[in-house]
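Survey of secondary and tertiary structure
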Amino acid sequence: MTCRLEISLKPDLFDAEGHGVRQKAKNYFGIELTGVRTVHVVTIDADLSTDQLKTIQSEIFTNPVTQISSYDPLAIEFDWTIWVGYRPGVRDNPGSTAVEAVEDILGIKFGPDEAVYTSKRYCLKGPALTAEDADNIAGELLANDIIQQWKIFSIDEWNPYEGIGVIIPRVILDHTPTVATIPVDSDSTLKRISDERGLALNPADIPTIRSYFLDAKVQAARASVGLSDPTDIELEYISQARSDHCNHNTFRGLFRYMDLATNETDVVDNLFKTCIEVPTLTLKEQKPWVVSVLWDNAGAGLFDNHHYYVITGETHNSPSNMEAYGGAITGIVGVYRDPLGTGKGSKLVMGSYGFCVGPRDYNGELKPRLHPRRLLDGVIEGVRDGGNKSGIPTTFGQVLFHHGYMGKCLVFVTALGIMPSLVNGEPAEQKKTSPGELVIMCGGRVGKDGIHGVTASSETFSEHTPAGHVQIGDPYTQKKMHDFLIEARDQGLIKFITDNGGGGLSSSVGESARFSNGCEIQLEKVPLKYEGLDQWEIWISESQERMTVAVNPAHLERFLELSGMHAVESTVIGQYTDSGKLHITYNGQTCAYIDIDLLTSGFPQWEFDAHWQTPENRGLFEPALNDPKDYEDLLKDLLSRPNICSKEWITRQYDHEVQGASVIKPLVGADRDVNSDAAVIRPVLDSQKGLAFAQALLPSYSVIDAYHMTSCTIDEAVRRLVAVGADLDHIGGVDNFCWPNIQFHPQNNPDGKFKAAQLVRSCRALREICLAYEIPLLSGKDSMYVDGHLPGRYGETHKVSALETLQFSTISVIPDIKKCVTMDSKMPGDLVYILGTTRNELGGSEYYEHFGYVGLNVPRVFPDEFAVLYRALGNAIDKELVASAHGIFRGGLGIHLAMVAMGGNLGMQVDLGLVPADQVDRNDVILFSESAGRFIVTIDPENREIFEKIFKGLACACVGNVTSGGDFTIKGIDNTTLIEVPVQDLKDAWKRPFGDLV
Amino acid sequence: MSNVHALILTGYGLNCDNETAYAFELAGAAASRVHINALINGDVSLKDSQIMVFGGGFGWGDDHGAGVIQAVRMKTNLGDKILEFIDAGNLVLGICNGFQTLVNLGLLPGLDHDYTTRSVALTFNDCGNFRDDWVLLKVNPAAPCVFTSGLDHLELPVRHGEGKFYADESTIGRLVNSNQVVVQYAMPDGSPALRRFPYNPNGSAHDIAGICDPSGRIFGLMPHPEAFNHYTNHPDWTRTKENIKRRGNTIDTGPTVGVRMFQNAVEYARRALT
């Protein structure tokens, strides 16, 4: 029997969700609604008695204090009502927990075909509301057709007895799992079949694949298990493993770099090896704190003698671009499995986000799938639910608006974990599989999720086809699994652990079997969400919230017992062997039999032409711009720019202090509303040590030169740590590259060679700056196709490419958290110092952008000179001489002096003539140049002498003082007063753009 | 080893168990994190503890109302044992998701010694979103609450999307009259917030942030005392430190008000229950 329960807040209670819909309809589309009420719909597809239905209605689904409910449609007034539900196969988290609750309270078990589905009905009131408005609200605000379906009813067509009807989004595949054999008689046949099946085999790989399957010895071995030509599951396995996502073919490629101005050429064989691996391994030799790098799911560093921290960063761009909420929650929950799958397992302690999207107020003629505003709303909410429900604090984040991200948005997610240095007496960072150990899949079940990623988006939907390619992460299931696995680790039950992300079992089992040199998998044992998946689909499905674990058979019973206690599903799906083969069977029939070492042998390297044009040769120049007169309005307008202004509404949605470890929060200052330079946590609660973490993004500089973009980004991320008191001898880095396509194509990618040259230059800067600052790259990832094709006004499409973007994350250990410093000015009378030299470097600046210029003089990093200054500041902070310290970042000195003053809610007077500068004779250059390597520091006047002694011979000058009056006063180099404005006015300007958002 | 035992529930998406256990240890208890299923299957007995803590988190993802499914599971499988635990004079604390669970279990407000009926609710914040921010709480000195004894004002973080306290007016009147309203959101000067955002972060009726049962032994609150377990948790600590330094003093590194709340419970349990 199928029942549909409608639940709503009592009529006199404020409906916050409905109110939100009303606000957005007005703000986004100018649609005036007089009221919105939300109805939660629970559809129960199970055989329950009337009494049972009554019990679950009153005990689970209806709060007697706040809610009303009925198995008939609720009579709530509306002019239009919109029902929104998931498409079949989309993860319905509340539906699953409802089943748990119903089973628990009734003491029953649902059958395989029984389920609970949740959906919503919105009752809209608005006298002038049209069908078109309702359609707009449904499709552009409430639902995304990739994962959801909806129905719209006007009051006239509403049947108060039937309501929305009964909609059961059950997946029915009605398909017998079949293994297909694929002929390899010629390259062209295999290429054709690869295209037809969406295998995405690289044409250059096809001869290697064919020669393997045509090898007489291989054929003989295959014949012994009943196989001849390759099966679909085998080719899918090869395709996944050889993909750029898994294998980083671009970064491992061969680059023929040429500077077109000088005709100098340089052949770079493997950017990963030369710019990441070699420098990092060199630094590892010098830095005993580097514990584990370059092989595991995340890198590890020494926290204290008993703990290691682990860190990694990911992006989840393409899925978020299509379904912002689902993509982002899957991204954050997914990256949290990386530390969990590092070493023998790490407990998660922190996360961060970076969102790059189109302008929030975009009103041009390009039609992205999701408007940037909606996209941003979705990714914010996705990371919110993913992080908060995982019980992991989100302590740092950045948002950047730029037209280039209209083609594809960027969603960066970063995860930190901590592990004991020893587990059961063995090194926790090490792991391997051994023959005889069991292959266990833990966590969620397998469906058609994420198969072939976005290629599936072009398929048409039917009523019961699963919407597989976009997923919705399930932090609840994963949190249970996390707690279980950490306990299993501590009991010494885990020999090897890795996550199921891209490539699913194909990747996790394939990679883990390399340690033992083989495995046998019984694919029919893999628990499925629904029947009818082909074998290859089970093997490569990217269904979330799963880990693959190797367990000694002697520990199996204890492992499964613990798993059961934590209400986590764990299933033995095979065993590791030393046969040298990946051997997969399904009900006893072999469907894959491949040499484990196939993937490490003989595949061709990707190749790229990289042609560099200097900025001058590309026609960039410094604009003819005279010194402005009205600095007050200029400063306020710059503070209101979207990439500078306050985004407190996002920060406060994220739980940044769960786990009770918060030391430096994302928002600091007297009013707790100004962004801190870095986050600091105390991940081991009874230790005085801290972990400091920061990130930087400066893609605007790529318009001039990605080399300097990269060096400035790294420098900013380092300075952020130095400003809170981190130890410069211990800074680990994580590089996340997001680049537009670099493969030249005369029509589709005419500037591919230039973008390839930008990548080479960026990697060179990465190597040079990291070596100079002694930053090993603990982890890193690349996402190489940040382009989109957007329809325009006339039916044409435009390729929109992102700026060449690097997010750089830094991490350090704080020896004593009690010495940490925040960026807000503390006391009237304190002295204001500028550290570092201001140069004429407005190229790519926020100031130039404000006027529509790019410029030429992009900021440069002089790491040897800077590092001396950073150490001096570290020394001053360690001696507790510093009241506040803040890096001078995007927007320059003017913006960041204002930040320090706004943080303290105190006045400040500064004389620009005293600012250490190199050949700068203009006030606007001093105020808005974005020269790297600089800080603003305030100190107690009592400490003046000893502070200045530390900086003797360095670029350091006292430029003014903190005042009690509340005015922000800037004197120009000609001794005139340029700015005299209440700090509160600056704060108002800085908060105005997004101040109404919650 | 302390003779006062605090049992902190874990599992099913709960997530503040580690720091809650740590804060209870700081307060002098022996704290253990116990999976809900370990209590249900009898591996662990409530009888060995004097303090039971329903901590923060997202039990069952908070689907179908925060704390609802946790309450269903606890009531179905452990209802009698929890009532026995209370009858024996022990202490129960619910923090955030735990408070939501206590009101859904009916353990709070416990009017007329009825510990099974839902009569108050914690529903969606008026601001429409999850919010993390520090709030100032005014403690009702007349409340019988064991946990807040001797405390006047507290600053603690809130981190929730469903913390708006709601009940009908007569119920709220009874809670006020019986001094079961323990902590209320306040303005920076200590005056009542009068539902002004963000001082009252969720629109709670009567600025209610936490209530106790008539005995004062069952206490639930939305803010997180366990997240203020060290002075560096406080958002102003770098400012306070500088201020105190200038006056030639050093910052107070003694127990935070969060830990003092737990100390009250441990001291009560030591006196009354062991």
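All values derive from a computational prediction rather than experimental measurement.

Examining the overall build of chain A
Of regular secondary structure, chain A possesses 27 helices and 43 strands. Against the 2.2 N^0.38 benchmark of 30 Å for 998 residues, chain A shows a C-alpha radius of gyration of 29 Å, consistent with a compact globule. Dimensions along the principal axes, computed over C-alpha positions, put chain A at roughly 85 × 75 × 60 Å. For chain A, with 998 residues in total, the buried portion stands at 57%. If you take every contact in chain A between residues at least 6 apart in sequence, the share linking residues at least 24 apart comes to 81%.

Section: the overall build of chain B
The secondary structure content of chain B amounts to 7 helices and 11 strands. Considering only C-alpha atoms, chain B reaches an extent of 55 × 45 × 35 Å along its principal axes. Within chain B, the fraction of its 274 residues that count as buried is 63%. The long-range fraction of contacts in chain B, counting pairs at least 24 apart against all pairs at least 6 apart in sequence, stands at 77%.

Some details on the packing of helix H18 (residues 631-639) of chain A against helix H24 (residues 892-904) of chain A
Residue and element names in this part refer to chain A. Interhelical geometry of H18 versus H24 gives an angle of 75 degrees and a closest axis separation of 10 Å. The angle between H18 and H24 falls in the class roughly perpendicular. Along its contact with H18, which presents Leu635, Leu638 and Leu639, the element H24 presents Gly894, Ile895 and Ala898. Looking at side-chain class alone, the contact of H18 with H24 contains 5 nonpolar, 1 polar and no charged residues.

Observations concerning the confidence of the model for chain A
In low-pLDDT segments, the atomic positions of the prediction should not be examined closely. Mean pLDDT over chain A works out to 95, with 98% of the residues at or above the 70 mark. Every residue in residues 454-463 of chain A is under pLDDT 50, and counting partners more than four places away or in other chains gives 11 contacts.

Regarding the sheet that holds strand S11 (residues 307-315) of chain A
Residue and element names in this part refer to chain A. Read across the open sheet, the 6 strands follow the order S9-S10-S11-S14-S12-S13; overall the sheet is mixed. Looking at which strands have only one partner, the edges of the open sheet turn out to be strand S9 (290-292) and strand S13 (394-401). Each adjacent strand pair in this sheet contributes to an overall mean axis angle of 25 degrees, direction not counted. Here helix H13 (residues 372-388) sits on the sheet in contact with strand S12 (347-357), S13 and strand S14 (410-420), set at roughly 180 degrees to S12.

Describing the confidence of the model for chain B
Scored by pLDDT, chain B has a mean of 96; 100% of the residues are at 70 or more. Scored by ipTM, the complex comes to 0.98, with pTM at 0.96.

A word on the interface of chain B and chain A
Each partner contributes to the interface: chain B provides 55 residues, whereas chain A provides 57 residues. Listing elements by their share of the side of chain B that touches chain A, those giving two or more residues are helix H1 (17-26), helix H2 (36-40), helix H3 (68-87), strand S5 (121-123), strand S6 (131-139), strand S7 (153-160) and helix H6 (237-246) of chain B. Across the side of chain B that touches chain A, the residue classes break down as 20 nonpolar, 22 polar and 13 charged.

Quick word on the domain arrangement of chain A
All names here are of chain A. Looking at the assigned domains, one finds that chain A contains domain 1 (2-154), domain 2 (187-246), domain 3 (301-429 + 660-819), domain 4 (436-461 + 468-577) and domain 5 (821-998). On the side of domain 4, 24 residues touch domain 3, which itself brings 26 residues to the contact. With 10 residues, the single largest contributor to the side of domain 3 that touches domain 4 is helix H12 (residues 324-340). Residue composition of the side of domain 3 that touches domain 4, grouped by class: 8 nonpolar, 11 polar and 7 charged.

Here's the deal with the nonpolar core
Counting residues in each nonpolar core, the largest one holds 252 residues, and the members touching the most others are Ala678(A), Val680(A), Leu691(A), Ala692(A), Phe693(A), Val724(A) and Ala898(A). With near-sequence residues (within four places) excluded, Ala678(A) lies in contact with Ile664(A), Ala692(A), Phe693(A), Ala694(A), Arg720(A), Leu721(A), Ala723(A) and Val724(A). Counting residues in hydrophobic clusters, the runner-up holds 128 residues, among them Tyr122(A), Phe58(B), Val92(B) and Cys145(B).

Quick look at the sheet that holds strand S23 (residues 589-595) of chain A
Residue and element names in this part refer to chain A. Ordered in space as S18-S20-S17-S21-S19-S22-S23, the 7 strands form an open sheet in which the pairing is mixed. In this open sheet, the two edge strands, each paired with only one partner strand, are strand S18 (496-499) and S23. Neighbour-to-neighbour, the strand axes of the sheet open up by a mean angle of 25 degrees, direction not taken into account. Of the pairings in the sheet, the one linking strand S17 (residues 438-443) to strand S21 (residues 570-576) comprises 5 bridges and is antiparallel in character. Note on S21: the bridge partner recorded for Ile440 is Val572. Helix-sheet contacts for helix H14 (residues 475-490) involve S17, S18 and strand S20 (546-551), and the interaxial angle to S17 is about 135 degrees.

Details of unusual backbone geometry
Look at the link from Leu108(B) to Pro109(B): it is a cis peptide, with omega at 5 degrees. Checked against the element boundaries, Pro109(B) lands in the loop between helix H4 (97-105) and S5. Following Phe197(B), the chain continues to Pro198(B) via a peptide bond in cis, the omega torsion being 0 degrees. Despite not being glycine, Asn263(A) shows a phi value in the positive range, around 60 degrees. With respect to the secondary-structure elements, Asn263(A) resides in the loop between strand S7 (254-259) and strand S8 (264-269). Owing to 7 C-beta atoms within 10 Å, Asn263(A) belongs among the exposed residues under this scheme. Unlike most non-glycine residues, Gln659(A) shows phi in positive territory, near 85 degrees. Following the sequence through the fold, Gln659(A) ends up in the loop between helix H19 (648-651) and strand S25 (662-664).

Some points on H18(A)
Residue and element names in this part refer to chain A. By the burial criterion, the buried members of H18 are Tyr631, Leu635, Leu638 and Leu639. On an axial view of H18, the arc spanned by its buried residues comes to 100 degrees, and they lie on one face. Each element contacted by the buried residues of H18 is listed here: helix H22 (846-851), H24, strand S43 (977-982) and helix H27 (983-991).

Looking at helix H4 (residues 131-142) of chain A
Residues and elements named next belong to chain A. Asp133, Ala134, Ile137, Ala138 and Leu141 are the residues of H4 that are buried. Along H4, the residues classed as buried sweep out an arc of 135 degrees about the axis, all on the same side. Of the exposed residues in H4, the ones pointing more than 90 degrees away from its buried face are Ala131 and Glu132. Looking at the buried side of H4, the elements it contacts are helix H1 (16-29), strand S4 (80-86), strand S5 (115-125) and strand S6 (148-154).

Looking at the pairing of S7(B)
All names here are of chain B. When you tally the buried positions in S7, you get 6 out of 8 residues, the bulk of the element. By the bridge criterion, 8 bridges tie S6 to S7 in an arrangement that is antiparallel. Note on S7: the bridge partner recorded for Asp133 is Val158.

So, the packing of helix H3 (residues 93-106) of chain A against H3(B)
Between H3(A) and H3(B), whose axes approach to 9 Å, the crossing angle comes to 20 degrees. If you check the angle between H3(A) and H3(B), you find them roughly parallel. Two packed elements cross with a definite hand, and for H3(A) against H3(B) that hand is left-handed. For the pair H3(A) and H3(B), contact is made by Thr97(A), Glu100(A), Ala101(A), Asp104(A) and Ile105(A) and by Ile69(B), Val72(B), Arg73(B) and Thr76(B), respectively.

Describing the pairing of strand S33 (residues 797-801) of chain A
Residues and elements named next belong to chain A. Judged from the 5 bridges that link them, strand S32 (residues 787-791) and S33 form a sheet pairing that is antiparallel. What sits directly across from Asp787, in S33, is Ser801. In this structure, the hairpin formed by S32 and S33 is closed by a connection of 5 residues, where Gly795 is found at a positive phi of approximately 90 degrees.

Comments concerning the environment of Val42(A)
Residues and elements named next belong to chain A. With respect to the element layout, Val42 can be found in strand S2 (residues 35-45). Expressed as a C-alpha distance, the spacing of Val42 and Ser119, which sit 77 residues apart in the sequence, is 6.5 Å. Setting aside chain neighbours within four positions, we find Val42 in contact with Leu5, Ile7, Phe61, Ala98, Val116 and Thr118.

Regarding the environment of Asp187(A)
Residues and elements named next belong to chain A. Its location among the elements puts Asp187 in helix H5 (residues 187-197). The exposure class of Asp187 is partly exposed, given the 13 C-beta atoms found within 10 Å. Between the C-alpha atom of Asp187 and that of Gly351, which follows or precedes it by 164 residues, the distance is 46 Å. Setting aside anything within four residues of it in sequence, one finds Asp187 in contact with Ile206, Pro207 and Arg210.

Structural notes on the environment of Thr38(A)
All names here are of chain A. Within the element layout of this structure, Thr38 appears in strand S2. With 436 residues separating them along the chain, Thr38 and Asp474 place their C-alpha atoms 23 Å apart. Ignoring sequence-local partners within four residues, the contact set of Thr38 consists of Ser8, Asp15, Glu17, Gly18, Lys120 and Tyr122.

Basis of the calculations
Position numbers for residues count from 1 along each chain, tracking the sequence in the order it is written. Here every chain gets a letter starting at A, and every ligand a number starting at 1, in the order they are written. Two thresholds apply to this predicted model, a pLDDT of at least 70 for residue-level local features and 80 or more for giving and counting side-chain atom pairs, whereas whole-chain, interface and lining totals are computed over all residues. Helix and strand assignments follow DSSP, with helices taken as H or I runs no shorter than four residues and strands as E runs no shorter than two, numbered in order from the N terminus. We compute the radius of gyration from the C-alpha atoms alone; for a globule the expected value is 2.2 Å times N to the 0.38, where N is the number of residues. Three exposure classes are used, all based on how many other C-beta atoms lie within 10 Å of a residue's own C-beta (placed from the backbone): buried at 20 or more, exposed at 12 or fewer, and partly exposed between those limits. We call two residues in contact if the C-beta atoms placed from their backbones are at most 7 Å apart. Axes here mean lines fitted to C-alpha atoms, for a helix over just the part in contact, with angles spanning 0 to 180 degrees between N-to-C directions. Each angle receives one of four descriptions, namely roughly parallel if under 35 degrees, roughly antiparallel if over 145, roughly perpendicular if within 65 to 115, and oblique otherwise. Put simply, Ala, Val, Leu, Ile, Met, Phe, Trp, Tyr, Cys and Pro go in the nonpolar bin, Asp, Glu, Lys and Arg in the charged bin, and everything else, Gly too, in the polar bin. What pLDDT reports is the predictor's confidence in each residue, on a scale of 0 through 100. If DSSP finds at least two bridges between two strands, the strands pair. Domain delimitation follows an automatic or database domain assignment. As used throughout, a nonpolar core is a set of buried Ala, Val, Leu, Ile, Met, Phe, Trp, Tyr and Cys residues joined through C-beta atoms within 7 Å of each other. It is the directions from the helix axis to the C-beta atoms whose arc is reported. If you view the pair so one helix is near and one far, a crossing is left-handed when the near helix is turned anticlockwise from the far one by less than a right angle, and right-handed when it is turned clockwise.

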